[in-house]
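Remarks on the overall topology
The residues making up each chain are set out below.
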Amino acid sequence: MFFQHIYDKSLAQASYFIGCQKAGVAAVIDPKRDVDTYLEIAKQNNMKITHVLETHIHADFLAGSRELAALTGAEIYLSAEGGAGWKYEFPHVDIKGEDVLKVGNLKLEVIHTPGHTPESISFLLTDTPASDEPVMLFTGDFVFVGDVGRPDLLEKAAGIKGTQEIGAKQMYQSINKFDALPDFLQVWPGHGAGSACGKALGAVPSTTVGYEKIRNWAFQHKNDEEGFVKYLLEDQPEPPKYFAMMKNLNKVDRPLLTEVPTLKKLDAVELSSALAKGIKLVDARDKTEFSKGFIPGSINIQGNDSFATWAGWFLSYDEAFIILADESKLDDLTRKLMRIGLDNIYGYIPSTEIWEEKNGAIETVNQITIEDFKTLQKDEDAQVVDLRGVTEYNAGHIKGADNVFVGTLPSNLDKVSKDKKVVVHCQSGDRAAIGYSLLAKNGFKNISNYSPGMAEWVKENNPTEN
């Protein structure tokens, strides 16, 4: 048996390449959209990809199943569980719980594991030449390391009312199926730490059934359905805005993108014309560089592992946008965007110089120290805005700070005063950089950024309240 774990740090998303070396055939589970990764693995190992599998209709990334099938001729195997509302609308092979797939000498048994979503399935792998016992379980968003999949996304992100309680109770039943599996079984989940598909995901890539029975909070409630449901639903992080679009695009027939696109470099005239038309400019530089000088109206979304997630909050799927980034980073940034279906990139510029040559004016961020912040905190003519999530804010915040989660800031601008001195902060500066740029873009003039945020505030033993 051949096995490779492929991990996308930007979305904390795992996919899997498993193959039968004797037969020279392979399956890919939950592929990301830039599928050249899997084609290269197949080429290096003299294998043909014949099966493409998904554990459920994903909300956090755009699956590359159809791209991979188009390039390889593989069949796509998708869940037929969950009822009429959970049917995929493009050609595929339906599979249900207790079905068995063969990939050469490898056997994949389908287990219906609803909870995160109604149609969710897991794959139990047996390497038949080696043993009659299964060796691996691919759980998707069912069981993670230290956590289980959240059932509230359908309601909070996709707007399907009344589903989170049902999903939580289904998850309770599913973990009892998991509890009956042998302790030695390896568990390979669909996500790791940093994913918004749970609230306490572990950082290691895999686990075992036995370990999760001992350490995963969910199995401490296996005889207490009410307590399980309550804990599972409380304090879940805000689901990114783009999740609703992913649920739709992963279900319907859509245009394919079988290679990473090459971006057009814009000249000064093209840039000025685009910005005059209202096309958004995403400045993907580090927040420190952005602070020293930025093009008016640009949004600072740093090109780090959180780039795609924040882009999904602030960019629309029906509008073009421009990226400001060094040419050496374009391939990485484009891949991160295509993984959530943000393909409508108008072009790029490598720096602010092209703007300065024609227009001259750039702006700088008003960064302040903790001493400056304490002075403004006491000023009745100032408003402190904490841009962290609600759960973070409730766990401890600076006295007098108003909470406006940065992801929802564009729709909550009325909660920020244009008549006061506005100070923004978050935990350690990244979200504050985004928030500052959004406020500046929307006409706020008297803004300050306390970039060190709660990390410095707490480190220096300053008081908080909750």
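Below is a summary of the structure that appears in this document.

**A word on the sheet that holds strand 20 (residues 447–449)**
Sheets are built from strands that pair by backbone hydrogen bonding, the pairs being arranged parallel or antiparallel. Ordered by their spatial adjacency, 4 strands build an open sheet running 18-17-19-20, and the pairing between neighbours is parallel. Edge positions in the sheet fall to strand 18 (402–403) and strand 20, since each of these pairs with one other strand and no more. Direction of pairing for strand 17 (residues 382–386) relative to strand 19 (residues 421–425): parallel, over a ladder of 5 bridges. From the neighbouring strand, Val-384 faces strand 19, where its bridge partner is Val-423. In the packing of helix 15 (residues 430–441) onto the sheet, contacts are made with strand 19 and strand 20, and the angle to strand 20 comes to roughly 170 degrees.

**Thoughts on the pairing of strand 17**
Within strand 17, 5 of the 5 residues are buried, leaving the element largely enclosed by the surrounding structure. The alternating pattern of strand 17 places Ala-382, Val-384 and Asp-386 on one face and Gln-383 and Val-385 on the opposite face, and all of these are buried. Two elements, strand 17 and strand 18, share 2 bridges in a ladder whose sense is parallel. Of the residues in strand 18, the one forming a bridge with Val-385 is Asp-402.

**A look at the layout of surface pockets**
Left-over empty space is what a probe sized like a water molecule reveals as it rolls over the atoms. Its volume calculated, the largest pocket comes out at about 910 Å³. Looking at the largest pocket, it is lined by 42 residues, and the ones nearest its centre are Gly-194, Ala-196, Ser-306, Thr-309 and Trp-310. Listing elements by their share of the lining of the largest pocket, those giving two or more residues are helix 10 (307–314), helix 14 (390–395) and helix 15. In terms of residue class, the lining of the largest pocket is built from 18 nonpolar, 15 polar and 9 charged.

**Focus on the packing of aromatic side chains**
This structure, assessed with the given rule, holds 19 aromatic pairs. An angle of 85 degrees between the planes, with centres 5.1 Å apart, marks the rings of Tyr-242 and Phe-243 as edge-to-face. A residue is classified by how much of its surface remains accessible, and Phe-243, at 1% relative accessible area, is buried. On the basis of an interplanar angle of 15 degrees and a centroid distance of 4.4 Å, the ring pair of Phe-290 and Phe-294 is categorised as stacked.

**Thoughts on helix 13 (residues 370–377)**
For helix 13, the complete set of buried residues consists of Ile-370, Phe-373 and Leu-376. The arc that holds the buried residues of helix 13, viewed along the axis, is 120 degrees, so those residues lie on one side. For helix 13, the exposed residues set more than 90 degrees away from the buried face come down to Glu-371 and Thr-375. Packed against the buried residues of helix 13 are strand 17, strand 19, strand 20 and helix 16 (453–459).

**What about the packing of helix 4 (residues 164–179) against helix 6 (residues 225–233)?**
The N-to-C vectors of helix 4 and helix 6 enclose an angle of 120 degrees; their axes lie 9 Å apart at closest approach. For the element pair helix 4 / helix 6, the angle class is oblique. Crossing hand, helix 4 versus helix 6: right-handed. Packed against helix 4, whose contacting residues are Gln-164, Glu-165, Ala-168, Lys-169, Met-171, Tyr-172, Gln-173 and Ile-175, the element helix 6 presents Glu-225, Phe-228, Val-229, Leu-232 and Leu-233 at the interface.

Each value, and the rule that gives it
- Residues numbered from 1 in each chain as written.
- Predicted model: local features only at pLDDT ≥ 70, side-chain atom pairs only at ≥ 80, totals over all residues.
- Heavy atoms only, no water.
- Pairing = 2+ DSSP bridges.
- Helix = DSSP H or I, 4+ residues; strand = E, 2+ residues; numbered from the N terminus.
- Contact = heavy atoms within 4.5 Å.
- Axes fitted to C-alpha atoms, helices over the stretch in contact; angles between N-to-C directions.
- Buried < 20%, exposed > 50% of the residue type's maximum accessible area, 1.4 Å probe, protein only.
- 1 Å grid on protein atoms, 1.4 Å probe; cavity = no way out; pocket = protein on both sides within 12 Å on 5 of 7 lines; lining within 4 Å.
- Points joined across faces, edges and corners; volume = space filled by probe spheres on them.
- Nonpolar A, V, L, I, M, F, W, Y, C, P; charged D, E, K, R; others polar.
- Phe/Tyr/Trp six-rings, centres within 6.5 Å; stacked < 30°, edge-to-face > 60°.
- Arc of directions from axis to C-beta.
- Parallel < 35°, antiparallel > 145°, perpendicular 65-115°, else oblique.
- Left-handed = near helix turned anticlockwise from the far one by under 90°.

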